[in-house]
Amino acid sequence: MLTLLLALLVIFVAARIGGALARRLGQPAVIGEILAGILLGPTLFNGAVTSAVFPTDVRPTLAAIASVGVCVFMFLVGLHLDHRLLRGQSRIATTVSLSAIALPFGLGALLALYLLGNHPAENRLAFVLFLATAMSITAFPVLARILADRGLIDTPIGGLALACAAVDDVLAWSLLAVVAALADAGGDPWRVLLVIPFAAVMLKVVRPALARLARRHPDGGLLSGTAVLVAVAAGLAASAAATEWMGLHAIFGAFLFGVVMPREGAVAVRERVLPLIEKISTWVLLPVFFIVAGIKVNLSGLGGTAVGELALILLVAIGGKCAGAFFGARISGVRPRHSLVLALLINTRGLTELIVLTVGLQIGVLDQDLYSLMVVMALVTTAMAGVFLRFVYPPERVREDIAARDADADPLGRRDPERKEPAS
């Protein structure tokens, strides 16, 4: 217990310092927190720091805490996945999202076939599909944080980026669910098939029931804030446990429970419960996940072959995602500059990619070396947005677009039939 408590103390301090340094450099805190984990891992000093601070007997407990943190985070992702983001721009968001997934997915599949030579996998199909999916990820929560930090959250390009990321999230998690089912081919196949009726019941029965309950008792009724918190935690645990038992990962159940939570009328949930859950997730649970994920990265033995593989991974990840989003936006009539801004934003992977990679490591699709290279890719693609946005979309252009929007003009130049034209 003493060793575990000391390990948690190191984790909280290291994550806090790393996040603060990243924000000082204009980067999302997640980059500094992951780098803190990597520095505490076996990359430096041949793992001496890792063995001293995180001995083998406490790592399973830390991994369990990290898994709980990921489930809570995925619940929040599903909760904040608002279909209203697509209102008035669903066609263009769908076009951009599909092109931003299809191109990196295809290139990722080709790269996976090449990497099989150095990273053999028992289930070749699962490996190819997983790597293709990992190349197609967009981090919706990190993207929202970047937009908020740079004052882009209320701009036309910010709204469009969030809508595209929302569609990307749904498609990417669906693809990952298929990969997880394929990787668990040795389990009971009938359990995996239960995912379809389970999702249908959650969306068609549980979601309307929760919505009616929220409208009837918007302030929680007889339930206190603590009771509502316990009810939400129980539903989250039950949904996560159900998908874990079915042969998928628990994060899918957590995400689905977040999706079915009511958006309107649930004052008790929004005002009493969500702020507490988000604080616990951000400051307590996720730092453990970042450090646990980081100490699994080992870059000390990076040789010429690994450097070449990393270069190919970055080329496919950045080129496929950016090109797919850029040309999808241009086909929809978005101006070149804004198409490039959208491509940089959609290329952000961050925490979502790290969760996907952790799942791949747990289900045996990724080996340790390839996992390390993919984590580096996640960091690079997330840091790119903050660096290049300063030049591609400077503050004066942001102010011009906001002024154009306020004047009932569309600064993006979109040709979207769903978009309402200003009155003449």
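Since we're looking at a predicted model, the values are computed, not measured.

## A few points about the overall build of the protein chain
Argument step 1. Along the backbone of the protein chain there are 18 helices and zero strands.
Argument step 2. Counting the 424 residues in the protein chain, one finds 52% classified as buried.
Argument step 3. For the protein chain, restricting intrachain contacts to residue pairs at least 6 apart in sequence, the fraction spanning at least 24 positions comes to 83%.

## A closer look at unusual backbone geometry
Where the residue is not glycine, phi is negative for most of them; where a peptide bond is considered, it is trans in most cases.
Argument step 1. Unusually for a residue other than glycine, Phe-45 sits at a positive phi of about 60°.
Argument step 2. By the element assignment, Phe-45 lies in the loop between α2 (29-39) and α3 (48-53).

## Quick word on the pattern of salt bridges
Argument step 1. For the structure shown, the criterion picks out two salt bridges.
Argument step 2. A salt bridge links Lys-321 to Asp-168; the shortest N-O distance between them is 3.1 Å. Of the two residues, Lys-321 is situated in helix α14 (residues 304-331) and Asp-168 in helix α8 (residues 156-183); the sequence distance between them amounts to 153 residues.
Argument step 3. In this structure Lys-321 comes out as buried when scored by relative accessible area, which is 0%.
Argument step 4. A relative accessible area of 1% places Asp-168 in the buried class.
Argument step 5. Notably, a salt bridge pairs Arg-397 with Glu-400, separated by 3.3 Å at the nearest N-O pair. Placement of the pair is Arg-397 and Glu-400 together in helix α18 (residues 395-406), with a separation of three residues, close to one helical turn.
Argument step 6. When its relative accessible area of 24% is taken as the criterion, Arg-397 is described as partly exposed.

## Side note on helix α6 (residues 124-135)
Argument step 1. For α6, with twelve residues, the first-to-last C-alpha span of 17 Å sits near the 16 Å given by 1.5 Å per residue.
Argument step 2. The buried count for α6 comes to nine of twelve residues, which makes it a mostly enclosed element.
Argument step 3. Considered for burial, the residues of α6 that qualify are Ala-126, Phe-127, Val-128, Phe-130, Leu-131, Ala-132, Thr-133, Ala-134 and Met-135.
Argument step 4. For α6, the elements touching its buried residues are α5 (90-115), α8, α14, α16 (350-362) and α17 (368-392).

## Things to note about the packing of helix α15 (residues 336-346) against α17
Argument step 1. The geometry of α15 relative to α17 is characterised by a closest axis approach of 9 Å and an angle of 165° between their N-to-C directions. Between α15 and α17, the angle falls in the class roughly antiparallel. Crossing geometry of α15 relative to α17 is assigned as left-handed. Listed contacts from α17 to Arg-337, Leu-340, Val-341, Leu-344 and Leu-345 of α15 are Met-384, Ala-385, Phe-388, Leu-389, Phe-391 and Val-392.

## What about the environment of Phe-12?
Argument step 1. By secondary structure assignment, the location of Phe-12 is in helix α1 (residues 2-24).
Argument step 2. When the C-alpha positions of Phe-12 and Pro-287 are compared, they lie 6.4 Å apart, and in sequence the two are 275 residues distant.
Argument step 3. Setting aside chain neighbours within four positions, we find Phe-12 in contact with Trp-283, Val-284, Pro-287 and Val-288.

## Digging into the nonpolar core
Argument step 1. Judged by nonpolar contacts, the single largest core of 134 residues is most densely connected at Leu-62 and Phe-75.
Argument step 2. Among the elements that line this core, the one with the most residues is α8, at 14 residues.
Argument step 3. Beyond its immediate chain neighbours, meaning those up to four positions away, Phe-75 contacts Val-232, Leu-236, Ala-254, Phe-255, Phe-257, Gly-258, Met-261, Leu-274 and Ile-277.

## Looking at the side chain of Thr-358
Argument step 1. Locating Thr-358 in the fold gives a position in helix α16.
Argument step 2. With residues near it in sequence (within four places) discarded, Thr-358 still touches Phe-289, Ala-293, Lys-296 and Tyr-371.

## What to know about the packing of aromatic side chains
Argument step 1. Under the definition given, this model contains five aromatic pairs.
Argument step 2. Consider the rings of Phe-289 and Phe-290, whose centres lie 6.1 Å apart with planes at 50°: the pair is tilted.
Argument step 3. Assessed through its relative accessible area of 3%, Phe-289 is described here as buried.
Argument step 4. Aromatic pair Phe-326 and Phe-327: ring centres 5.4 Å apart, planes at 85°, arrangement edge-to-face.
Argument step 5. These aromatic residues form a ring-pair network of at least three members: Trp-173, Phe-252 and Phe-255.

## Thoughts on the environment of Arg-399
Argument step 1. The residue Arg-399 is located in helix α18 in this model.
Argument step 2. Residues Arg-399 and Gly-151 lie 248 residues apart in sequence; the distance between their C-alpha atoms is 9.8 Å.

## Side note on the side chain of His-119
Argument step 1. With respect to the helices, strands and loops of the structure, His-119 is situated in the loop between α5 and α6.
Argument step 2. Here Asp-367 takes part through its side chain, which lies 2.7 Å from a polar atom of the side chain of His-119.
Argument step 3. Here His-119 is in contact with Phe-127, Glu-309, Asp-367, Asp-369 and Leu-370, once residues within four sequence places are set aside.

## Quick notes on a nonpolar patch on the surface
Argument step 1. Together, Leu-2, Leu-6, Leu-9, Val-13, Ile-17 and Leu-21 make up a nonpolar patch on the protein surface, roughly 590 Å² of accessible area in all.
Argument step 2. Residue position: Leu-21 is located in helix α1.

## Focus on the confidence of the model for the protein chain
Argument step 1. The predicted model of the protein chain has a mean per-residue pLDDT of 86, with 89% of residues at 70 or higher.
Argument step 2. Confidence drops under pLDDT 50 across residues 420-424; counting only partners more than four residues distant or on other chains, this segment forms one contact.

The rules we used
- Residue indices follow the written sequence of each chain, beginning from 1 at its first position.
- The model is predicted, so local features are restricted to residues of pLDDT at least 70 and side-chain atom pairs to those at 80 or more, both for listing and for counting; the totals for chains, interfaces and linings are taken over all residues.
- To obtain the side-chain values, all non-hydrogen atoms of the structure were used and water was disregarded.
- The secondary structure listing takes helices from DSSP runs of H or I that are at least 4 residues long and strands from runs of E that are at least 2 residues long, numbered from the N terminus.
- With a 1.4 Å probe rolled over the protein chains alone, any residue whose accessible area is under 20% of its type maximum counts as buried; one over 50% counts as exposed, and the rest are partly exposed.
- The contact rule is simple, with two residues in contact once any of their heavy atoms fall within 4.5 Å.
- For this analysis, a salt bridge means a side-chain nitrogen from Lys or Arg found within 4 Å of a carboxyl oxygen belonging to Asp or Glu.
- Every helix has an expected span of 1.5 Å times one less than the residues it contains.
- In this description, a line fitted to the C-alpha atoms serves as the axis of each element, helices being fitted only across the stretch in contact, and the angle between N-to-C directions of two axes falls anywhere from 0 to 180 degrees.
- The cut-offs work like this: below 35 degrees is roughly parallel, past 145 is roughly antiparallel, 65 to 115 is roughly perpendicular, and the gaps in between are oblique.
- Left-handed describes a crossing in which the near helix is turned anticlockwise from the far one by less than a right angle; the clockwise case is right-handed.
- Residues enter a nonpolar core if they are buried and are Ala, Val, Leu, Ile, Met, Phe, Trp, Tyr or Cys, with the set joined through side-chain atoms within 4.5 Å.
- Each pair of aromatic rings taken from Phe, Tyr and Trp, with Trp reduced to its six-membered ring, is defined by centres within 6.5 Å and is described as stacked if the planes are under 30 degrees apart, edge-to-face if over 60, and tilted in the remaining cases.
- The term polar contact refers here to a pair of N or O atoms within 3.5 Å; inside protein, the definition further demands a hydrogen-donor-capable atom paired with an acceptor-capable atom, and it admits residues adjacent in sequence only when both atoms are side-chain atoms.
- Candidates for patches are residues over 30% relative accessible area with no salt bridge; among them, like charges are joined within 9 Å and nonpolar side chains (Val, Leu, Ile, Met, Phe, Trp, Tyr) within 5 Å.
- Each accessible area is a Shrake-Rupley result for a 1.4 Å probe, and residues are judged covered by the shown protein chains and nothing else.
- On a scale of 0 to 100, pLDDT captures the predictor's confidence in every residue.

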